[in-house]
Amino acid sequence: MAEYGHHTEEPTVYGLIAEFDDSDNLLHAAEAAYKAGYRTMDAYSPLPIHGLSEAIGFKKTYVSLITLIGGITGAATGFGMQYFASVIHYDYDIGGKPFNSWPSFMPITFELAILFGAFAALGSMLALNGLPRHHHPVFNAKRFERASSDGFFLCIESEDLQYDTEATKKFLEEQGPVEVSEVLDD
Amino acid sequence: MAEGSSNLRTPLILGDKKPKQVSDDICGILDRKPTRMWYIAFLASLLVLGIGTAATVYQVMTGIGTWGLNKTVGWAFDITNFVFWIGIGHAGTLISAILFLFRQKWRTSVNRAAEAMTIIAVMCAAIFPLIHMGRPWLAFWALPYPNMRGPLWVNFRSPLVWDIFAISTYFIISAVFWYVGLIPDLATIRDRAKPGMRKKIMAFFSFGWNGSYRTWVRYEVVYLLLAALATPLVVSVHTIVSMDFATSVIPGWHTTIFPPYFVAGAVFSGFAMVLMLMLIARKVMALEDYFTMTHVDAMCKIILVTGSVVGLAYLTEFVTAAYSGSVYEQFVFMNRAFGPYAWAYWIMVSCNVISPQMMWFKKVRSNLYFVFILTIIVNIGMWFERFVIIVSSLHRDYLPSSWADYTPTIIELLTLAGTFGLFFTLFLLFCRFLPVIAMGEVKGVLSYGRSKKARVFVAQANEPMGVTPVLEGEKA
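All residue numbers refer to positions counted from 1 along the written sequence of the respective chain. In the order they appear in the text, chains get letters beginning with A and ligands get numbers beginning with 1. The model is predicted, so local features are restricted to residues of pLDDT at least 70 and side-chain atom pairs to those at 80 or more, both for listing and for counting; the totals for chains, interfaces and linings are taken over all residues. No hydrogens and no water enter the side-chain calculation; it runs on all heavy atoms of the structure.

A.B. asks: Quick question: what am I supposed to make of the overall build of chain A here?
C.D. replies: By definition, any uninterrupted DSSP run of H or I lasting at least four residues is a helix, any uninterrupted run of E lasting at least two residues is a strand, and each is numbered from the N terminus. A tally of helices and strands in chain A yields five helices and four strands. In chain A, the succession of α and β elements from N to C terminus is β-α-β-α-α-α-β-α-β. With the C-alpha coordinates aligned to their principal axes, the bounding extent of chain A is approximately 80 × 45 × 30 Å. Across the 186 residues of chain A, 45% fall into the buried class. Two residues qualify as a contact provided that any one of their heavy atoms is within 4.5 Å of a heavy atom in the partner residue. The contacts of chain A with a sequence gap of at least 6 include a subset with a gap of at least 24, amounting to 78%. Throughout, exposure labels follow a simple rule: accessible area from a 1.4 Å probe, protein chains only, divided by the maximum for the residue type, with under 20% read as buried, over 50% as exposed, and the rest as partly exposed.

A.B. asks: Help me understand the packing of helix 5 (residues 111-132) of chain B against helix 6 (residues 159-192) of chain B, please; the structure alone is not making it clear to me.
C.D. replies: What describes two packed helices is the angle between their axes and the distance between those same axes. Residue and element names in this part refer to chain B. Fitted lines through C-alpha atoms give the axes, limited to the stretch in contact for helices. The angle between two N-to-C directions lies from 0 to 180 degrees. Running from N to C, helix 5 and helix 6 cross one another at 150°; their axes reach a closest spacing of 10 Å. With respect to each other, helix 5 and helix 6 are oriented roughly antiparallel. You can see that helix 5 and helix 6 cross each other, and the crossing is left-handed. Seen from helix 5, the contacting residues are R112, E115, A116, T118, I119, V122 and M123; seen from helix 6, they are I167, Y170, F171, S174, A175, F177, W178, G181, L182 and D185. Every angle not falling under 35 degrees, over 145, or within 65 to 115 is termed oblique; those three ranges are roughly parallel, roughly antiparallel and roughly perpendicular. Throughout, a crossing is termed right-handed when the near helix is turned clockwise from the far one, and left-handed when it is turned anticlockwise from it by less than a right angle.

A.B. asks: Would you explain the domain arrangement of chain A in this entry?
C.D. replies: Often, the extent of an interface is quoted as the loss of accessible area on bringing the components together. According to the domain assignment, chain A contains domain 1 (12-59 + 135-185) and domain 2 (63-128). Using C-alpha coordinates to define each centre, domain 1 of chain A is positioned 45 Å away from domain 2 of chain A. The start and end points of each domain follow an automatic or database-based domain assignment.

A.B. asks: Can you help me understand the layout of surface pockets in this one?
C.D. replies: Residues and elements named next belong to chain B. A cavity here means a set of points on a 1 Å grid, drawn over the protein atoms and nothing else, where a 1.4 Å probe fits but cannot get out; a pocket is an open set with protein on both sides within 12 Å along at least five of seven lines, and a residue lines either one if it has an atom within 4 Å of a point. Grid points are joined across faces, edges and corners, and a volume is the space filled by probe spheres set on the points. Of the pockets and cavities examined, the second largest pocket occupies roughly 640 Å³. Lining the second largest pocket are 21 residues; nearest its centre among them are P129, L130, M133, L160 and I164. Looking at the lining of the second largest pocket, the elements with two or more residues in it are helix 4 (77-101), helix 5 and helix 6. For the lining of the second largest pocket, the element with the most residues is helix 6, which contributes seven residues. Each residue is assigned to one of three groups, with Ala, Val, Leu, Ile, Met, Phe, Trp, Tyr, Cys and Pro labelled nonpolar, Asp, Glu, Lys and Arg labelled charged, and all others, Gly among them, labelled polar. In terms of residue class, the lining of the second largest pocket is made up of 17 nonpolar, two polar and two charged.

A.B. asks: Even after reading the chapter, I still don't get empty space enclosed by the protein, so can you show me in this structure?
C.D. replies: Where empty space is left can be seen by rolling a probe of water-molecule size over the atoms. Residue and element names in this part refer to chain B. Considering all chains together, one arrives at five cavities of 30 Å³ or more under this definition. Estimated volume of the largest cavity: approximately 60 Å³. Those elements giving two or more residues to the lining of the largest cavity turn out to be helix 4, helix 5 and helix 6. The biggest single contributor to the lining of the largest cavity is helix 6, with four residues. Residues of the lining of the largest cavity, tallied by class, amount to four nonpolar, five polar and one charged.

A.B. asks: So what exactly am I meant to see when it comes to the packing of helix 10 (residues 293-324) of chain B against helix 12 (residues 342-354) of chain B here?
C.D. replies: Residues and elements named next belong to chain B. At a closest axis distance of 9 Å, the pairing of helix 10 and helix 12 adopts a crossing angle of 140°. On the basis of their axis angle, the class for helix 10 and helix 12 is oblique. Counting all contacts with helix 10, which are made through G307, G311, Y314 and F318, the residues of helix 12 involved are Y345, M348, N352 and V353. A class-by-class count of the residues in the contact of helix 10 with helix 12 yields five nonpolar, three polar and no charged.

A.B. asks: Would you take a moment to explain the packing of aromatic side chains for this structure?
C.D. replies: Aromatic rings in a pair are described by how distant their centres are and how their planes are angled relative to each other. Planes of paired rings set the category: under 30 degrees apart is stacked, over 60 is edge-to-face and the rest tilted, where pairs are Phe, Tyr or Trp rings (Trp by its six-membered ring) whose centres lie within 6.5 Å. Here the structure, examined in full by the defined rule, presents 44 aromatic pairs over all chains. Ring geometry for F79(A) versus Y83(A): centroids 6.3 Å apart, planes at 25°, classification stacked. In this pair, F79(A) and Y83(A) both sit in helix 3 (residues 63-89), four residues apart, roughly one turn of the helix. The interplanar angle of 85° and the centroid separation of 5.0 Å between the aromatic rings of W209(B) and W216(B) together place this pair among those described as edge-to-face.

A.B. asks: How do you make sense of the sheet that holds strand 4 (residues 179-184) of chain A when you look at a structure like this?
C.D. replies: In any sheet, the strands associate via hydrogen bonds between backbone groups, in a parallel or an antiparallel arrangement. All names here are of chain A. A pair of strands counts as paired when DSSP detects no fewer than two bridges linking them. Pairing in this open sheet of four strands is antiparallel, and the strands run 2-3-1-4 from one edge to the other. On the outer flanks of this sheet lie strand 2 (41-44) and strand 4, each paired with one strand and no other. Averaged over all neighbouring strand pairs, the angle between strand axes comes to 20°, with direction disregarded. Here strand 1 (residues 13-20) pairs with strand 4 via six bridges, running antiparallel. Pairing of V13 across the sheet is with L184, part of strand 4.

A.B. asks: So what exactly am I meant to see when it comes to the interface of chain B and chain A here?
C.D. replies: With 51 residues of chain B at the contact, the number on the chain A side is 60 residues. The contact between chain B and chain A buries some 5100 Å² in all, and 71% of this surface belongs to carbon and sulfur atoms. Considering only the side of chain B, the residues that lose the most area to chain A are R157(B), Y213(B) and R218(B), jointly responsible for 17% of the buried surface there. Each reported salt bridge corresponds to a side-chain nitrogen of Lys or Arg within 4 Å of a carboxyl oxygen of Asp or Glu. In this assembly, chain B and chain A are joined by zero salt bridges. In short, buried area is how much 1.4 Å probe accessible area vanishes from two parts on joining, totalled over both.

Here it is as structure tokens:
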């Protein structure tokens, strides 16, 4: 049956996951895994661990750039709206002030820059992180509910070029975990 | 010596907790049935909210003629309340954003509750301009939008239009900031909850957060960016609020000191309010290990600093008036201190200038009952500050024939009470259903002041003898 495509009843393996009891152990294991040549892996922790992204080789995030673009868009929208309304569409003499009273337009320009910038920051964080996503294979892992409380996990995914059920399992066990187990894809 | 010097710091979180303990302590509050005290407080708040709602419905149906305003004093009680509530909110943003940028780690115990307070306070504030419009269902007229009434746009040169943008942006950013901070904690509740309704709700709102390091990296960048955006925003909001007054030609309002003076006052009153709420929460929810004397002390110092800035601003206003050569300006300030509203002025001065000065003393800062009373006094004082600025500047016009006095009606008093009802109702609900302490952030500061050596050191330093022992290898 399995020879004809993917109609197998056996669930596929997502990867191997190791649980550690503190952030330092996780950090060391991640460094070792990167050094051993593993690349497709992820670490899960209840709090941000500094140095972990450098250890696993995740360097750049575009969140700040997108936020900057959002902020500039907001400022342009804010000023553009006021200019259009006060100079072009509804050029009305108010207290003898010039139609383009740009200093008075600054507060709203500023507020919209902040507003759009924050939306861009939030939106890009969620989009780049692929959230909301309620079904992630890693939630199938044993004791994974601890990842949001006090469990520190390193998961080497089966898509990694070096992945080998036996060798990877042995490697993870050498890193001093609490437990190593297989994670099934759903 | 870097290692050794950390021994001198006091740990932020007492009890030498592990991350699991933090989750258990904070989520445990949500697992337990609410206490009798909570029910009593909640029902009382709800009752006050109900009375306030009735008063609001009555005045909206009847018209704002139910207020004590007259032609001379056209702005009084509700603008006072609006500025008061907006100011309360500012402390939340200061704690979550500005202290974050300054790397003040103690903020982690307070920021969640302070941000919640901000959002609720802005809601309370927004009610007043809405009612003041007289026909709140036409409130959208204040927004610029393409319409069918010929080309017709709002006047973008008006500070009241700036205010609408500032307040709504402020509300949205505060809510976003608060929610982003909540996501990892909601995931913690989700993972602890037994299968059922609560788990489903938390799963939905935590967006499927799994704590992957990639998400954490982006999360931290976003948090920093939001803090960097919220910091100038909070300053701009109260600056714009102060411009509602400062851009007019009313003596007592028309002054360039208003923006910094208002911002300092806002932080002053807001910190007093956060501290008051945290002192209650600490007691009721047994958070003594998380909100410690170190936190109280730090917050008292900020209240002292901003209180002194406010005091200096009062003095500066008088000096400016005396030096201005304008008889109207001079009259307003003499009238403020010795005229018909002198009682309000002196309540303001004694609450805002004199009482916070007591916080110079460590003995005062470490007496929780005293601090609690001071926080209430400061808030009373800051309410009166806005009342004094608004009413005493207006009631004596340029034209003596139009001089008038103002007394609030019972409807106005009930509306103010109603917003306190709303404030406490929402805050109690927040304490009941969401983690009051940012667990993810607190876990990051557990080791503060506790290197492995320091742990022994602190334990020994807490011995009654108080002798500071030198550990071996410590000198290195």
